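Notes for the structure review
Chain residues, written in single-letter form:
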Amino acid sequence: MNSLLRSTARCLRSGAAVCLPRQADGRAWPASARFLCAAADLQKDLSEMVKKDKVVVFMKGTPAQPMCGFSNAVVQILRMHGVDNYAAYNVLEDQDLRQGVKVFSNWPTIPQVYFNGEFVGGCDILLQMHQNGDLVEELKKLGIQSALLDAEKESK
């Protein structure tokens, strides 16, 4: 077991995309051990993905065609605020991404929303932020003017 840990640590330090550590007798470790480095790479990729855009959503489906009610609610809330330019990743297309993002955020459900690389929460938290006005403030910090503020000014 110690050789497995040493091999995994060596793999993580090397930044290898796939690591296939061997047991002392030359046999390959079981698949779960072999893919530790692949999982580490996914976590690194996720870290880069959430920082690439101001707003990032991991969801079921796409903004044009959400495949669950919670993902649809997140899309609708963002749309109400005029946030149309955001990165959306369909977790239904990639089971590794679906599980990996849950590990990355330590949050068990999808959708997941990130602002400037920071995990905001899921549908329930985004809805709460929308209802209490915090979402307008958080968008402002991102340099995004909420469309709800524009609509409020027009109605006065």
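Cut-offs applied
- Residues numbered from 1 in each chain as written.
- Predicted model: local features only at pLDDT ≥ 70, side-chain atom pairs only at ≥ 80, totals over all residues.
- Heavy atoms only, no water.
- Phe/Tyr/Trp six-rings, centres within 6.5 Å; stacked < 30°, edge-to-face > 60°.
- Helix = DSSP H or I, 4+ residues; strand = E, 2+ residues; numbered from the N terminus.
- Buried < 20%, exposed > 50% of the residue type's maximum accessible area, 1.4 Å probe, protein only.
- Pairing = 2+ DSSP bridges.
- Axes fitted to C-alpha atoms, helices over the stretch in contact; angles between N-to-C directions.
- Contact = heavy atoms within 4.5 Å.
- pLDDT = per-residue confidence, 0-100.

A short note on the packing of aromatic side chains
- With the rule as written, the count across this model stands at five aromatic pairs.
- Between Phe 58 and Tyr 114 the ring centres are 5.8 Å apart and the planes differ by 80°, which places this aromatic pair in the edge-to-face class. In this pair, Phe 58 is assigned in strand S1 (residues 55–59) and Tyr 114 in strand S3 (residues 112–115), connecting sequence segments 56 residues apart.
- Under the relative-accessibility criterion, Tyr 114 is labelled buried at 1%.
- Geometrically, the ring pair formed by Tyr 114 and Phe 119 is tilted, given 5.3 Å between the ring centres and 55° between the ring planes.
- You can call Phe 119 partly exposed: its relative accessible area is 27%.
- Joined through ring pairs, the aromatic side chains of Phe 58, Tyr 89, Phe 104, Trp 107, Tyr 114 and Phe 119 make up one cluster.

Observations concerning the sheet that holds S1
- One open sheet holds the four strands; their spatial order is S2-S1-S3-S4, and the pairing between them is mixed. Each edge of the sheet is formed by a strand with only one pairing partner; in this case those strands are strand S2 (87–90) and strand S4 (118–121). Direction aside, the axes of adjacent strands within the sheet are offset by 25° on average.
- Inspection of the sheet shows S3 paired to S4 by three bridges, in the antiparallel sense. When the sheet's bridge partners are listed, Phe 115 is paired in S4 with Glu 118.
- Most of the contacts of helix H4 (residues 69–80) go to S1, to which it runs at about 160°, and overall it touches S1 and S3.
- Packed onto the sheet, helix H5 (residues 95–105) meets S1, S2, S3 and S4 and runs at close to 55° relative to S3.

Topic: the confidence of the model for the chain
- Across the chain, the average pLDDT comes to 82, with 71% of residues at or above 70.
- Across residues 1–5 the pLDDT falls below 50, and counting only partners more than four positions away or on other chains, this stretch makes five contacts in the model.
- Note that residues 28–36 has pLDDT below 50 and, in this model, 16 contacts with residues that lie over four places away or in other chains.

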